[in-house]
Amino acid sequence: FLGATAHARGAVDGGLRAAKLHFEAAAGCISTVHGLVRANIWGLNPKWDPQSLSPDMHVDLLAAFKTLMLAQAQCAFCQKAVAESVRADISSKLAAQAAALFREARYTFEQPTHSQYLCGEGGLFSGADRSWIARVRANEEIFEAMAHELMASEAAAAYNYGAQVARLRLARSHAEAAEREADSLGGREKKAISALRSKLQHSASEAEKDNVNIYQEQVPSSTALPKIELKLLVKPTPPEDDTQGQPDPLRGLLPPALTTALQKHFDDIESKLYALTTRSSEDALRCQEALSSHRMPEALEACETDTKLPERILRAIVEAQEAGSLSDLRSQLDLCGNLEGEALDIVNLAGGLLSAEEDKDAQFLSENPALSLSQLRSSDTMSQCRTELHAARGHLRQAVDVTHKLRERLDKASDEIALIEAPVEQLAQQMPHKDGTPLSNEPCVPALYDLMHRLSQIKVQVEESIARWRRLKAEQQQSAALGEALLAMEATDVQQKLQEELKPYVEAAVEYSALQRQREELLQQVDVQARLFENAQRDASSFDARQRYLRQLSLGAEEASAIAKGLAEGVAFYNKILSQLRRKAEQASQLADERAKERDELVNAEARRKMQEHDEHERLSQQLLQQQQQRERQQQQQQW
């Protein structure tokens, strides 16, 4: 609803950009539901009966709904590009991708069972409505028409009038197909599609007439035209994880030994995920350094336009400006430092309390060598508290190291981040102008663009994979299933079960390694193509000033966004661990009181035991004395 409302505003007040973001968020929500359903209906022993699901919960229909939302997002992005006069060859790829997404969704919707549910009476809607799928078909045809219309203008700019006519004929054909689908749509939609068809019919007729009377070029067949490349620039935005801070469903129900084992299991998972996250960050940084060594992609983008910032850098700057200024980032760093200091103080306090209790225990045993502290009720709790505090201290050390690295990155990139705080219009005006022949017709240029795109896709895949593993860990932590399973097992089987549960996270590293190998192979290809590009560029006038400027903007924007994201995660982490540490400190304080009381009780119990032994000894002595006296009296009586 928010995406549709924003899309209705068009380019006014950022309507198309907002529509793209809302539709991506909708796709992310549906993708999350898709993953949840799939996980619970697949396998030898599914948790849910697949037959019990309503039709809209079928995994293939959910996947189609997600694709439809992405199609809407791509549609908004394409329309924004056209409104901003982005090059026709680029905009045509965006339009072709939108059509492809609508087509992919339509294939699923047109399956008989799904079609009946979507359009029949009593299905998705209360009454029969055939316009729903017709609207998807119409949008597919509209964006096919738009893609060919844009390619026609590109052909005309290249003086290829035969191709222009062929493209406009195809655009007109798709517009006519969209108009046929519009028969079941509302008046406004139908009128807009009819207007598009009329415009393309007129453009095609004029182009055909000019070609016959003036240019007289051969018009290629539609099958002879090069296929339009697809350019996907949207992705599902997953909903924020709200499982943090949820209560442990088994708190207080498991024996201390199982609780400790379970906590260690999740600490091991967190360590593996943290190592994977760190490794991916380092690999991504090395990838960026490898690209920077060839001045990629700035060297390519410097050849695209003289008057505008490249779209990628422009988007990155806008996102960075939304994330905050240099002073905002320093404030966030200071906040992290304050929270870090508070967390360290609490860790030291709790650790000191536990160490003091250990010293008191040692002194107690030296004074009472006959006694054993294993009898104290608080021993298991104290051991568990010490284990959890040790794990928290390790996580805190890692966070301190990450915060330190973020501070170093901010100091290193402060000049670049300060540079991008100016309005984007001013940044575009300050851009140095190139003087030379464009290199866009060199084969290495599209090859490099494709490699950049594939590297970007791998980065997205890595982020999505790590997010997926973190969601799995959160779901396992909030579920009582593992704890219940361990509770029903023999002690010898617990570790084996936990090792089995740890295997998916070991496989996560294998999955990441495969993606990293793909990235390294792509970087080798980048090295080859970049050298070809550099050779082609050698005879042209120098673009160093522009590349240096764009590199500064790109670095400033990327570093600002990355640092802002890292600091936001850091603040969230510190707030979470502070809450945990405060509880641990309070628990340690309570343990100190309980421990002192239990030691006193142990001494008193020992004293009572000794007193009872003494009383029993006295009673037995008295009894023996009485028996001796009685025997002596009996002997005297016998003598008398």
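What counts and how
- Residues numbered from 1 in each chain as written.
- Predicted model: local features only at pLDDT ≥ 70, side-chain atom pairs only at ≥ 80, totals over all residues.
- Heavy atoms only, no water.
- Helix = DSSP H or I, 4+ residues; strand = E, 2+ residues; numbered from the N terminus.
- Buried < 20%, exposed > 50% of the residue type's maximum accessible area, 1.4 Å probe, protein only.
- Contact = heavy atoms within 4.5 Å.
- Areas by Shrake-Rupley, 256 points an atom, 1.4 Å probe, with all protein chains shown as cover.
- Axes fitted to C-alpha atoms, helices over the stretch in contact; angles between N-to-C directions.
- Left-handed = near helix turned anticlockwise from the far one by under 90°.
- Nonpolar A, V, L, I, M, F, W, Y, C, P; charged D, E, K, R; others polar.
- Disulfide = S-S within 2.5 Å.
- Salt bridge = Lys/Arg side-chain N within 4 Å of Asp/Glu carboxyl O.
- pLDDT = per-residue confidence, 0-100.

## Here's the deal with the overall build of the protein
Inference 1: Along the protein, the regular secondary structure elements total 19 helices and zero strands.
Inference 2: A buried classification covers 39% of the 640 residues belonging to the protein.
Inference 3: A separation of at least 24 residues holds for 83% of the contacts in the protein among residues at least 6 apart in sequence.
Inference 4: Carbon and sulfur atoms form 51% of the exposed surface of the protein, whose accessible area is close to 35,600 Å².

## With respect to the packing of helix α3 (residues 59-83) against helix α5 (residues 112-119)
Inference 1: As a packed pair, α3 and α5 sit with axes 11 Å apart at the nearest point and diverge in direction by 65°. Crossing of α3 over α5 shows right-handed handedness. Within the contact between the two elements, α3 uses D60, L61 and F65 and α5 uses H114, Y117 and L118.
Inference 2: Classifying every residue of the contact of α3 with α5 by side-chain character gives four nonpolar, one polar and one charged.

## Side note on the state of the cysteines
Inference 1: This model, assessed by the stated rule, comprises zero disulfides.
Inference 2: With no disulfide of its own, C78 lies 7.2 Å from the sulfur of C75, the closest cysteine sulfur.

## Here we look at the pattern of salt bridges
Pairing between side chains of opposite charge can happen when the charged atoms of each approach one another.
Inference 1: Summed over the entire model, instances satisfying the criterion amount to 31 salt bridges.
Inference 2: Members of the salt-bridge network, linked through shared partners, are R103, R106, E110, R137, E140, E144 and E181.

## What about the environment of V234?
Inference 1: Along the chain, the position of V234 falls in the loop between α8 (187-215) and α9 (256-293).
Inference 2: As for V234 and A98, which are separated by 136 residues in sequence, their C-alpha atoms are 10.0 Å apart.
Inference 3: Not counting chain neighbours up to four residues away, the residues in contact with V234 comprise K20, E24, L70, A73 and Q74.

## Observations regarding the confidence of the model for the protein
Low pLDDT means the predicted atomic positions in that stretch should not be read closely.
Inference 1: Looking at the protein as a whole, the pLDDT averages 81, with 89% of positions reaching at least 70.
Inference 2: Here residues 242-247 is modelled with pLDDT under 50, and outside its nearest four sequence neighbours on either side it reaches five contacts, counting other chains as well.
Inference 3: A low-confidence stretch, residues 433-438 stays under pLDDT 50, and its non-local contacts, those more than four residues away or across chains, total 13 contacts.

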